[in-house]
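# Coordinate analysis (summary)
The residues making up each chain are set out below.
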Amino acid sequence: MTETDSEEAGAAASAAGNGGASANRHPRSGTVDLRRVGANPDFWYPVALSRSVRRGRVVATTFAGERIALYRGASGAIHALEDRCAHRQVPLSMGVVEGELLRCCYHAWAYRGDGRISQIPYLSKGDGRPPRGVRGYPAREAYGLVFVFPGAPQKADDTALPELPAFGSPRYKTMTFSRTVRCHYSFMHENLLDMNHQFLHRGVVGRLHPELLGFHTGAQSVEARYLFTHTGGKRNRGASLLAAEGIGGSTSRDVMTIRTRYPYQTLDLVPEGAPRPAFSLWAAYVPEDAEQRTCHTYGLLMIEKPRMRGALNLAWPFIRRFTERVFAEDRMAVEAEQRAWDEHGEDRNHEVFPLILDVREVLRSNGVPLRSPAALPATDPVCDRSAPSCTQRPAGPGADHDAQPCDEVPGG
């Protein structure tokens, strides 16, 4: 088990890596304020449920203030484009899908799945130079989710999607969650890792005693193991069904392992004597706004099927209600933390749990400085129609700076 000597010492070390901007530092301690650290865009982030992006439809989504239009072409492939037409900046999410193209609803400019202009219907040889296309984001589907890579596109192929072996296992059935939470993503990591807050859930799980068995911290991860025992109080039936009568449903004790492996989080609960987890949770917290004060939580809860065929289907509504209630209580707490930060403009809490001090340092050192709106590109370059091909640069943080041709087809 490794522990940080102090939160301040670790933050000072990460300040250089995060740019050390004075605006991002705690006004009293001088350390980097974690709530002013942005999520690193060089990872795959879920931005929609696959089922919500139907064939021939467009869905608007965001990552850290970057508006993204998702659409599914006639082939079934998912495409992700910067959500604005290069012409008048009308959102492309208002557009129309034609085959594999996305056509703006206003003047019918058409875009390929990589963001290049495919057609400007009324363009003639005597017209002025057209603007470049828009940024295209690498996009993939996995686990019933649509992932985009908002960082440097050249890194996408070498960056792996999260591995979730239980998702495709016939032993497990998956419950999917998609909820907006009005807080910085770091509060969500802290909430799940710090199981000492079970008093918050006393109305649904009774009195639980979590004992920290140990934890380990690496450059990109923190892993903690807890032993749970039920010490009294009424327990929700959904909790018993979810944990296969674990967490106090019988005389057993349960081991819960929780990991923040940047930027994702996982949880496994193994009842005493069981060969595998009764359930596993994978979660991602995707910042929505530019200041990253709101995040969208995507969760995959993989529940082991009991021996009795069909029993889990009967239990499903009870488990869903239980998990939704627990999540609602957690959301109430983390949103209250965010409001307190907003009111004071800083964290005035006094954290004493070494595990949380460690995860804060992992999030600091792997995150990136938040960019102010003034730091974003203000204008778009244009391409030269007289040349065999124009050059253009994708816009936004982490964009690929390699030139790419403009594919407009005059007149259609």
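Quick note: structure is the one above.
Basis of the calculations
Numbering of residues starts from 1 in every chain and runs along the sequence as written. pLDDT decides what is reported in this predicted model: residues at 70 or higher carry local features, side-chain atom pairs at 80 or more are listed and counted, and totals for whole chains, interfaces and linings draw on all residues regardless. Values reported for side chains reflect all heavy atoms of the structure, with hydrogen atoms and water molecules removed beforehand. Secondary structure elements are defined from DSSP: runs of H or I of at least 4 residues count as helices, runs of E of at least 2 residues count as strands, and each element is numbered from the N terminus. Each residue's exposure class comes from its accessible area (1.4 Å probe, protein chains only) as a fraction of the maximum for that residue type: buried when under 20%, exposed when over 50%, partly exposed otherwise. Note on definitions: a residue-residue contact is assigned when non-hydrogen atoms from the two residues lie within 4.5 Å. Shrake-Rupley sampling with a 1.4 Å probe provides the accessible areas, and residues are treated as covered by the protein chains on show and by no other component. Ring pairs are drawn from Phe, Tyr and Trp, using the six-membered ring of Trp, whenever the two centres fall within 6.5 Å, and their geometry is named by plane angle: stacked under 30 degrees, edge-to-face over 60, tilted for the rest. Criterion for a charge above a ring: Arg CZ or Lys NZ at most 6 Å from the ring centre, at most 35 degrees from the ring normal.

### Regarding the overall build of the protein
Per the secondary structure count, the protein includes six helices and 20 strands. With 412 residues in all, the protein has 51% of them scored as buried. The contacts in the protein between residues at least 6 apart in sequence include a share of 63% that link residues at least 24 apart. Entry remark: accessible area of the protein is about 19,000 Å², with carbon and sulfur atoms responsible for 52%.

### Structural notes on the packing of aromatic side chains
Per the counting criterion, the structure on display carries seven aromatic pairs. Between Phe43 and Tyr262, the ring centres sit 5.4 Å apart and the planes meet at 65°, which makes this aromatic pair edge-to-face. Of this pair, Phe43 sits in the loop between strand S1 (37-38) and strand S2 (45-49) while Tyr262 sits in the loop between strand S16 (254-261) and strand S17 (264-271), and the two are 219 residues apart along the sequence. With a relative accessible area of 6%, Tyr262 lands in the buried category. Pairing Phe147 with Trp282 gives two aromatic rings, centres 6.2 Å apart and planes at 55°, and the pair type is tilted. Taken together, the residues Phe147 in strand S12 (residues 145-148) and Trp282 in strand S18 (residues 279-287) connect sequence positions 135 residues apart. Look at Phe147 and you get buried, because its relative accessible area is 0%. Taken together through their ring pairs, the aromatic side chains of Phe147, Tyr264 and Trp282 make up a single cluster. For Arg293, the ring lying beneath its charged end belongs to Trp341, and the centroid distance is 4.4 Å.

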